Amino acid sequence: MLNFFKKNKQAWEPDRLPRHIAIIMDGNGRWAAKRALPRTAGHAAGAETFRRVATYCKDIGIEYLTVYAFSTENWKRPQSEVGSIMQLLEKYLIEALEKMERDKVKMKFLGDVSVLSPKLRALISETESLSEKFDGVQVNICLNYGGRDEILRAATHYALDYKDGTAPQKLDEETFSKYMYSSGLPDPDLIIRPSGEMRSSNFLLWQSAYSEFYFTDVLWPDFSATELDRAIIAYQTRERRYGGIKK
Ligand code: FPP
């Protein structure tokens, strides 16, 4: 990290880092197509990028990193592609479990994981329970996740909790947030979408109300620590008013 400050005149300010960065890992397919490789090779390269970016976030002191690994809509992809993404996740979790005691990275999964394979579900629950004893950086992986699905699920659970008619007159944001997969997490400060696409694609709809967005044309497998530095520098130029006016 020291080297980074020596080499770069324009660097981010360490005391104003975003607490929570969220990333839509997009562009794996195009990265592979450019190299005449199968799309699955793009996802494998994307998984490696995720590993490097997560390590960098940990090293510089980001508290929460949330990534969009598989959406509720991604089931529309060919079965072979879905299978290869699931395999990459299994591989990643097996390796992460081996290193968890050393790295002390807390992991959480956001989304409906109940429909995933028994093997993947077992790995997820092992990872989450091991994570309970760590209190360092937290990596959240959105898996079979959709923002609209999350809101509908929260509303359903809320209604079920109060089906006896005891619900308070007014439902407040804090109470409703507790029904989200992200319960207990601060909202993302910065959401990054690589690959030139400029939309949210059903990612963290509730939580992104006041997030700063950063878009770049770089494809996710090519995303690097330097790209993350650029996103953080851009974030630090933004003025966050949360609907108020400049102070
Ligand atoms: C979007 O790019 C990417 C995905 C739907 C899958 C992301 C999955 C991984 C990076 C691998 C597993 C993740 C972890 C956390 C180990 P795209 O395929 O839509 O790209 P395109 O728009 O160029 O086709």
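Residues numbered from 1 in each chain as written. Predicted model: local features only at pLDDT ≥ 70, side-chain atom pairs only at ≥ 80, totals over all residues. Heavy atoms only, no water.

(A) Up close: the packing of helix 4 (residues 79-103) against helix 5 (residues 118-131). Where helix 4 contacts helix 5, the two axes come as close as 10 Å, and the packing angle between them is 30°. Here helix 4 is positioned roughly parallel relative to helix 5, judged by the angle of their axes. The element helix 4 and its partner helix 5 pack so that their crossing is left-handed. Of helix 5, the residues touching helix 4 (which contributes Met86, Leu89, Glu90, Leu93, Ile94, Leu97, Met100 and Glu101) are Lys119, Leu120, Leu123, Ile124, Glu126, Thr127, Leu130 and Ser131. Counted by class, the contact of helix 4 with helix 5 contains 10 nonpolar, 2 polar and 4 charged residues. (Axes fitted to C-alpha atoms, helices over the stretch in contact; angles between N-to-C directions. Helix = DSSP H or I, 4+ residues; strand = E, 2+ residues; numbered from the N terminus. Parallel < 35°, antiparallel > 145°, perpendicular 65-115°, else oblique. Left-handed = near helix turned anticlockwise from the far one by under 90°. Contact = heavy atoms within 4.5 Å. Nonpolar A, V, L, I, M, F, W, Y, C, P; charged D, E, K, R; others polar.)

(B) A look at the sheet that holds strand 1 (residues 20-24). Ordered by their spatial adjacency, 6 strands build an open sheet running 3-4-2-1-5-6, and the pairing between neighbours is parallel. Looking at strand neighbours, the two that pair on one side only are strand 3 (106-110) and strand 6 (212-215), the edges of this open sheet. Between one strand axis and the next, the sheet turns by 20° as a mean value, whatever way the strands run. Relative to strand 4 (residues 138-145), strand 3 runs parallel, the two being bridged by 5 bridges. (Pairing = 2+ DSSP bridges.)

(C) Local environment of the site of the ligand. Of all residues adjacent to the ligand, which total 17 residues, the nearest are Gly29, Arg30, Arg39, His43 and Arg77. Within the side chain of Asp26, an N or O atom sits 3.2 Å from an oxygen atom of the ligand. The backbone of Gly27 places a nitrogen or oxygen atom 3.3 Å from an oxygen atom of the ligand. Here the ligand, which alone exposes 620 Å², has 92% of that area covered by the protein. (Near = heavy atom within 4 Å. Polar contact = N/O pair within 3.5 Å; in protein donor to acceptor, adjacent residues only side chain to side chain. Areas by Shrake-Rupley, 256 points an atom, 1.4 Å probe, with all protein chains shown as cover.)

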